[in-house]
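Observations on the model geometry
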Amino acid sequence: MLETKDLRPPPPAEAPLPWRETRGRKILLVDDERGNRTILRQMLEPEGYVTAEAESAEAALEHYATFAPDLVLLDVLLPGLNGFEACRELHRRYGAQTAPVMFITAKREADAIVEGFDAGGVDYVLKPFRQKEVVARIHTHLQVRLLLAHQQTLVAQLSQANSAKNRFLGMAAHDLRNPLASIRGLSEFMLDGTVGPLTPAQDELAQLIQQTSQGMVTLVNDLLDWATIEAGELKLESKLLRLDELVAKAVRLTGLTALRKQTRIEFNHARPVPRIRVDEAKTRQVIDNLLSNAVKYSPPGSTICVALEFDQANQRQIIRVRDQGPGIPDEERARLFTDFGRLSTRPTSGEPSTGLGLAICRKIVESHHGTIEAENQPAGGCEFRVLLPYLPS
Amino acid sequence: MIPPSKALIIDDENHIRKYISLVLRSIGVTTICEATNGAKGVEAYAREQPDLVLLDVNMPVMDGIETLRHIRGLNAQACVIMLTSLSTRHTIEAAADGGAVHYIRKDTQRDELVALLTDLLAEKNQIIN
């Protein structure tokens, strides 16, 4: 016979996995017959487990508190409380921290098995049992428990590292902000001749400095907003106001920037809309963001349509912003409102973007219990919708 | 509106002093003095007797809040505008609560800054007249 050589690459050296080793773990054996407990003990101790024994459910509950087992092997038919009741009591006392409970019993009716799982058991083994099988099951359940604990530790560590990173990001953005604003302001003084006339070449450079620093101020502001929201510090100061007035203000302001791209913003709303309770500055930020995105991604000379309507049936207001951009590629749609979810679509005049704007919008809208969505239009372009509910105040 | 003729800027950051002084000149302030920390700022206040003070909150040696106390000690009617950043806004709101002090954010756009200062000074003139 031909000998085949194993061509597979050697398995990578394994990092120590703290949840792999189950030796030394503690198991509480609960059975009213001493003989059964002895069999279990003699089976488990050679595997490296530490055992304690209880002859009744009541004794088991008492032992559990002091012995703090990693797993409980629990008979069902016991004097006094039965195994199912004991299992329920353990879960009532220790909740999610309860050690896995394996029933080990001669009670083989299907209903009983179901009740065992119902009571919170993780496994149900019938007597007479095969030793190797029981040992294997115990090993698995212990691993699952250790893995869970390990995972919880990791999640806690990660979340700590993440908030440290967010704090750092916030500080960095914050420290960049004032100097950048000064660079912008100083270049504006150069441009307007305050400090003397500029040659055309100097003027061009000063303009570049002004535009670039303006872009960077915007990016830093996005980062700061995002860091604030991530730190859970987004606080709403809501008051009753008319959304049509708010939208009109935003349209006027962004309209000025849009004119530089020969882009027009049209705002239609049928009749005065009822007042709604929202945070004015934050809602304005959402509208500004949607408008400036629409301008950014539409080719020069486009018309952007903004509409506001009152959805009587669902008691909410809908803000629609429709652009004439390339729309959102289907495969990128899921990333649209996520952090740093920049798409392949680029601004048509090279405007800067952090990919945070829409994530910030989503968080602001959601903090108002609203939703934000985007949909490509059959005729081209994309419509962004913000749906803001009326909340009982 | 008659702009104040003399202003004092107290800030440890060079670019802020420069920027604010250009803004002030653009609204007609004729004499501008600068100080790089709170202690020097108090000295400069006593010496120059400015009509208006722009005071940074966060400075080494003596911070803005304490500097404000010293300046107020010299002249209870001193017109002081605090220069704040995003993180110091709440500090000054709390510290200057009830006082005649205003605050402006250093990263404010130039046009807005001009408008804010013009408004604040118009208000001040109204009180005086």
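Up top you'll find the structure we're talking about.
Here goes a summary of the coordinates provided. Keep in mind that this is a model prediction, so the values were computed, not measured. (Residues numbered from 1 in each chain as written. Chains lettered and ligands numbered in written order. Predicted model: local features only at pLDDT ≥ 70, side-chain atom pairs only at ≥ 80, totals over all residues. Heavy atoms only, no water.)

**So, the overall build of chain A**
Across its full length, chain A carries 9 helices and 12 strands. A burial count over chain A gives 41% of its 393 residues as buried. Contacts in chain A between residues far apart in sequence, at least 24 positions, make up 68% of those at least 6 positions apart. Accessible surface for chain A amounts to roughly 21900 Å². Of this, 56% is attributable to carbon and sulfur atoms. (Helix = DSSP H or I, 4+ residues; strand = E, 2+ residues; numbered from the N terminus. Buried < 20%, exposed > 50% of the residue type's maximum accessible area, 1.4 Å probe, protein only. Contact = heavy atoms within 4.5 Å. Areas by Shrake-Rupley, 256 points an atom, 1.4 Å probe, with all protein chains shown as cover.)

**A word on the interface of chain B and chain A**
Between chain B and chain A, the contact holds 16 residues from the first and 16 residues from the second. Roughly 1400 Å² is buried in total at the junction of chain B and chain A, and carbon and sulfur atoms are behind 57% of that figure. Considering only the surface of chain B that becomes buried against chain A, B:Leu22, B:Asp107 and B:Arg110 emerge as the three largest contributors, covering 40% of it. B:Asp107 is the partner of A:Arg177 in a salt bridge, and the nearest nitrogen-oxygen pair spans 2.2 Å. Between chain B and chain A we count 5 residue pairs in polar contact (both at pLDDT 80 or more) in total. (Buried area = accessible area lost by both parts, 1.4 Å probe. Salt bridge = Lys/Arg side-chain N within 4 Å of Asp/Glu carboxyl O. Polar contact = N/O pair within 3.5 Å; in protein donor to acceptor, adjacent residues only side chain to side chain.)

**Here's the deal with the nonpolar core**
If you look at the biggest cluster of nonpolar residues, it comprises 39 residues, and the most contacted ones within it are A:Leu243 and A:Phe384. With 24 residues, the next largest nonpolar core counts A:Val30, A:Val72, A:Leu90 and A:Tyr124 among its residues. (Core = buried A, V, L, I, M, F, W, Y, C linked by side-chain atoms within 4.5 Å.)

**Some details on the sheet that holds strand β1 (residues 6-10) of chain B**
Paired through their backbone hydrogen bonds, the strands of a sheet run either parallel or antiparallel. Residue and element names in this part refer to chain B. In spatial order, the strands read β2-β1-β3-β4-β5; together these 5 strands make up an open sheet with parallel pairing. Taken across any chain shown, the strands that pair with only one partner, and hence form the sheet edges, are β2 (31-35) and β5 (102-105). Neighbour to neighbour, the strand axes of the sheet diverge by 20° on average, direction disregarded. Note: strand β3 (residues 52-56) against strand β4 (residues 80-84), 4 bridges, orientation parallel. The partner of valine 53 across the bridge, within β4, is valine 80. In the packing of helix α1 (residues 14-26) onto the sheet, contacts are made with β1, β2, β3 and β4, and the angle to β2 comes to roughly 165°. (Pairing = 2+ DSSP bridges. Axes fitted to C-alpha atoms, helices over the stretch in contact; angles between N-to-C directions.)

**Digging into the packing of aromatic side chains**
Residue and element names in this part refer to chain A. Following the criterion strictly, the structure yields 6 aromatic pairs over all chains and no others. Considering the side-chain rings of phenylalanine 103 and tyrosine 124, the 6.0 Å spacing of their centres and the 50° angle between planes classify their relative orientation as tilted. You can see phenylalanine 103 sitting in strand β4 (residues 101-105) and its partner tyrosine 124 sitting in strand β5 (residues 123-126), a full 21 residues away along the chain. Its relative accessible area of 0% is what places phenylalanine 103 among the buried residues. Considering the side-chain rings of phenylalanine 310 and tyrosine 390, the 5.6 Å spacing of their centres and the 80° angle between planes classify their relative orientation as edge-to-face. You can see phenylalanine 310 sitting in strand β9 (residues 303-311) and its partner tyrosine 390 sitting in the segment after β12 (382-389), a full 80 residues away along the chain. Overall, tyrosine 390 belongs to the partly exposed group, its relative accessible area being 21%. (Phe/Tyr/Trp six-rings, centres within 6.5 Å; stacked < 30°, edge-to-face > 60°.)

**What to know about the sheet that holds strand β3 (residues 71-74) of chain A**
All names here are of chain A. If you trace the 5 strands from one edge of the open sheet to the other, you get β2-β1-β3-β4-β5, paired in parallel fashion. The open sheet has two free edges, formed respectively by β2 (50-54) and β5, since each of these has just one partner strand. The average angle at which neighbouring strand axes cross in this sheet is 20°, direction not considered. Bridge analysis of β4 against β5 gives 4 bridges, and the strand direction is parallel. Its bridge partner lying in β5, isoleucine 104 is registered against valine 125. The strands touched by helix α3 (residues 83-94) within the sheet are β3, β4 and β5, with β4 carrying the most contacts at an inclination of about 175°.

**Here we look at unusual backbone geometry**
All names here are of chain A. For the bond running from lysine 127 to proline 128, omega is -5°, close enough to zero to count as cis. One can find proline 128 in the loop between β5 and α5 (131-191). With phi around 50°, glutamine 315 is a residue other than glycine that occupies positive phi space. Mapped onto the fold, glutamine 315 is located in the loop between β9 and β10 (316-322).

**Observations regarding the side chain of A:Ser213**
Residue and element names in this part refer to chain A. Mapped onto the elements, serine 213 comes out in helix α6 (residues 200-230). Within polar-contact distance, the side chain of serine 213 engages the backbone oxygen of glutamine 210 at 3.1 Å. Setting aside anything within four residues of it in sequence, one finds serine 213 in contact with Leu180, Ile183, Arg184 and Ser187.

**Some thoughts on the pattern of salt bridges**
A complete count under the given rule lists 36 salt bridges over all chains for this structure. For A:Arg92, the salt bridge identified is with A:Glu89, shortest N-O distance 2.7 Å. Here the residue A:Arg92 and the residue A:Glu89 both occupy positions in helix α3, the gap between them amounting to 3 residues, near one helical turn. Overall, A:Glu89 belongs to the buried group, its relative accessible area being 17%. Salt-bridge contacts for B:Arg47 lead to B:Glu48; the nearest nitrogen and oxygen are separated by 3.5 Å. Judged by relative accessible area, B:Glu48 falls into the partly exposed class, the value being 24%. A network of salt bridges, in which partner residues are shared, links A:Glu309, A:Arg320, A:Arg322, A:Glu373, A:Glu375, A:Glu383 and A:Arg385.

**Focus: the packing of α5(A) against α6(A)**
All names here are of chain A. α6 packs onto α5 with a crossing angle of 155° between their chain directions and a minimal axis gap of 8 Å. Relative to α6, the element α5 is oriented roughly antiparallel. Both α5 and α6 take part in a crossing whose hand is left-handed. Looking at the contact of α5 with α6, its residues break down into 17 nonpolar, 9 polar and 6 charged. (Parallel < 35°, antiparallel > 145°, perpendicular 65-115°, else oblique. Left-handed = near helix turned anticlockwise from the far one by under 90°. Nonpolar A, V, L, I, M, F, W, Y, C, P; charged D, E, K, R; others polar.)

Function cannot be read off these values alone, since they describe shape.
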